[in-house]
Amino acid sequence: SRIETTDVVIIGAGPSGAIAAALLRQQGRRVLVLERETFPRFSIGESLLPQSMAYIEEAGLLQDVVEAGFQYKNGATFARGATETTFFDFREKWSAGWGTTYQVQRGAFDKVLADGAARTGAEFRYQQTVLAAEVEGEQPALTVKDNASGEQYRVEARFVLDASGFGRVLPRLLDLETPSSFPVRGALFTHIEDRTAPGSFDRNKIIITTHPQHEAVWYWTIPFSNGRCSQGVVAEPAFLAQYSGDDQTRLQTLVNEAPNLKALLADAVWDTPVRQITGYAANVKSLYGKHFALLGNAGEFLDPVFSSGVTIAMTSSSLAAKALGRMLDGETVDWEADYAVPLKRGVDAFRAFVTAWYDGRFQKLIYYKGKNEEIRRMIASILAGYAWDETNPCVRAPERWLAALDAAVSA
Ligand code: FAD
């Protein structure tokens, strides 16, 4: 069968694959991206964080994203019960850097990034499924199937980047999977035409709503630029199982239990099938091997509550492209020190806040009215995705920071 060669082969053309492809092209590498679907394709993960803009910019794709006309985003609104609501404006944050970003239909957004990266000379090949991988010997190689013809071929490369997201191609093939430390949760979600009353709703912010009776159950409402919203709810499977009927009925029943959403979405048109995803939190034993590294969701995925997924994915691409560039130039690279450790630093900061969200401490702090301006700016920074900025005390020592604030708020 056919054998092809390239410098770097990337599995998956989502945000982590496209950003990595563009960055490697800046180094002049030959890049082949193998994507199982055709683009545009649906993906969950529609609310970006300002930190991700730095990576879009670094990859040379900023103009493409700005000109695509996505919904501008400058913050997050939090709501619980009938009247309680607060918000954070990302621009009023501790860290330097972008304070605004976008809410994106991922079908369109991922295509913008992939087409932009392709323009720089990376080859994107769609309808290609990666079936097998040899990454521990001298010659890394993938076995690939062309979905249309069924033909199988071999791609030999100097290095493999797995950006296959929830496909988790190398973790599965190499037995790298390990369970997440978070309990299994699931989401019911769809897109709606929201028909919200003018002025009723700041479309520049995601709304995170807490269920009025169940603190660990929350909803996302992500407005798009075309009068539509992504609407979802997250809970443990046993909780969701209490709601009967078809998935749309279940989601609508849950939405109507939150008074703010019931009022906001009273005239919404539910025109799109509701989807369910369960058990998305995942981890791996190692983020790299002799001839491969795992990017984005192919590595660890924590939780959707702070919309950190795409930001973590792009951070991983930037770190990996730098380490790989030095390796391809013949330097010795310590992937633990140069990739895994710095990536995990931010992931671990997010992890502390996700934990504190579900156990209630962070929610208490978010709604606490006595916060001073400095604490607000620290919170705005982590919510804006600046989880790698160690000048921020809530990033440098998140557990200690959360404990101290919880003691102050509870006093
Ligand atoms: P993906 O975007 O999943 O891309 C992977 C690509 O690989 C896909 O196109 C897939 O077709 C391809 N692929 C898979 N298997 C193969 C194969 N065998 N061969 C070839 N190609 C393959 N993140 C946010 O930033 N904001 C949010 O608001 C947000 N909300 C979320 C809500 C929920 C309920 C969940 C579960 C996640 C959410 N996320 C969110 C996370 C977000 O979806 C992911 O973090 C993000 O999509 C990861 O990007 P990626 O490039 O790693 O993978």
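To be clear, the structure that these remarks concern was listed above.
Residues numbered from 1 in each chain as written. Predicted model: local features only at pLDDT ≥ 70, side-chain atom pairs only at ≥ 80, totals over all residues. Heavy atoms only, no water.

## Some points on the side chain of Ser 43
Moving on, step 1. With respect to the helices, strands and loops of the structure, Ser 43 is situated in the loop between strand 2 (31–34) and helix 2 (51–58).
Moving on, step 2. Side chain to side chain, Ser 43 and Arg 106 meet in a polar contact 3.4 Å long.
Moving on, step 3. Setting aside residues no more than four positions away along its own chain, Ser 43 makes contact with Arg 106 and Asp 110. (Helix = DSSP H or I, 4+ residues; strand = E, 2+ residues; numbered from the N terminus. Polar contact = N/O pair within 3.5 Å; in protein donor to acceptor, adjacent residues only side chain to side chain. Contact = heavy atoms within 4.5 Å.)

## A word on the site of the ligand
Moving on, step 1. Around the ligand, 35 residues are found, and the nearest of them are Ser 16, Glu 35, Ile 44, Ser 47 and Val 310.
Moving on, step 2. Note that a nitrogen atom of the ligand is positioned 2.7 Å from one of the backbone N or O atoms of Ser 47.
Moving on, step 3. Computed on the free molecule, the ligand has an accessible area of 1,000 Å², of which 96% lies beneath the protein chains in the complex.
Moving on, step 4. Within the residue set of the shell around the ligand, elements represented by two or more residues are helix 1 (15–26), strand 8 (128–134) and helix 9 (309–328).
Moving on, step 5. In terms of residue count, the dominant contributor to the shell around the ligand is strand 8 (3 residues).
Moving on, step 6. Partitioned by chemical class, the residues of the shell around the ligand number 15 nonpolar, 14 polar and 6 charged. (Near = heavy atom within 4 Å. Areas by Shrake-Rupley, 256 points an atom, 1.4 Å probe, with all protein chains shown as cover. Nonpolar A, V, L, I, M, F, W, Y, C, P; charged D, E, K, R; others polar.)

## What to know about unusual backbone geometry
Moving on, step 1. The step from Phe 39 to Pro 40 runs through a cis peptide bond, and the omega angle for that step is 0 degrees.
Moving on, step 2. Notably, Arg 168 is not glycine yet its phi reads approximately 45 degrees, a positive angle.
Moving on, step 3. Residue placement: Arg 168 occurs in the loop between strand 10 (152–162) and helix 5 (169–173).
Moving on, step 4. Backbone geometry at Asp 175 places phi at a positive 60 degrees, although glycine is not the residue there.
Moving on, step 5. By secondary structure assignment, the location of Asp 175 is in the loop between helix 5 and strand 11 (177–178).

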